[in-house]
Amino acid sequence: LPGPLPPTSREMQMPMLAFGTGDTHCAPDCASAVSQALRLGFRHIDTAYEYGSQKAVAAGIQVSGVPRSEIFITTKIPGPVGPERAAELLRQGLRELNTSYIDLLLMHYPCDTSYPDPRDACNGTDGMAVRLETWRAMEGMKTPGRV
């Protein structure tokens, strides 16, 4: 789909319009929805650990016939989870998405799970140390080429 395409570190352009796979966007058959979106021209798929849709996204990509190299995948870890859990969630995402790399990895929420959804009510200093540790771990994931 047309739109501005900012460059990324992989020298791939990020399509500005993404097909979201959260809650209502992908029910009841997320794999079919992703496959159809890709066949219709979407090239950016947005998923997240908390959506529980990563395996269905992988299936939809496979059925679509669109090469992985033409698809920009964004996924998210829940929030400030610390470096070990962030690495674990990335490994899980790579397995579930059946890919060796993620194009964009985000921290879904600024607050930890002690805050009610949508977990954005913490102030700048609440959980800052863990948020920074998580962020630094996410930055380190770029070096091995996983993000």
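Check the entry above for the structure.
Report on the accompanying structure. (Residues numbered from 1 in each chain as written. Predicted model: local features only at pLDDT ≥ 70, side-chain atom pairs only at ≥ 80, totals over all residues. Heavy atoms only, no water.)

Some thoughts on empty space enclosed by the protein
Empty space among the atoms becomes visible once a probe the size of a water molecule is rolled across them. All told, the structure shown has 1 cavity of 30 Å³ or more when counted by the stated rule. For the largest cavity, the calculated volume is near 30 Å³. Going through the elements one at a time, β3 (72-77) and α4 (83-97) are the ones with two or more residues in the lining of the largest cavity. Residues of the lining of the largest cavity, tallied by class, amount to 5 nonpolar, 3 polar and 1 charged. (1 Å grid on protein atoms, 1.4 Å probe; cavity = no way out; pocket = protein on both sides within 12 Å on 5 of 7 lines; lining within 4 Å. Points joined across faces, edges and corners; volume = space filled by probe spheres on them. Helix = DSSP H or I, 4+ residues; strand = E, 2+ residues; numbered from the N terminus. Nonpolar A, V, L, I, M, F, W, Y, C, P; charged D, E, K, R; others polar.)

Regarding the environment of Cys-111
If you trace the backbone, Cys-111 turns up in the loop between β4 (104-107) and α5 (128-140). Judged by its relative accessible area of 1%, Cys-111 is buried. Along the backbone, Cys-111 and Met-128 are 17 residues apart, and their C-alpha atoms lie at a distance of 8.9 Å. Ignoring anything within four residues of it in the chain, the contact list for Cys-111 reads Pro-80, Arg-119, Asp-120, Ala-121 and Cys-122. (Buried < 20%, exposed > 50% of the residue type's maximum accessible area, 1.4 Å probe, protein only. Contact = heavy atoms within 4.5 Å.)

A few points about the sheet that holds β4
Pairing is parallel across the open sheet formed by 4 strands, whose spatial order is β1-β2-β3-β4. With one partner strand each, in any of the chains shown, β1 (19-20) and β4 form the two edges of the open sheet. α5 rests against β3 and β4 of the sheet, and its axis sits at about 175 degrees to β4. (Pairing = 2+ DSSP bridges. Axes fitted to C-alpha atoms, helices over the stretch in contact; angles between N-to-C directions.)

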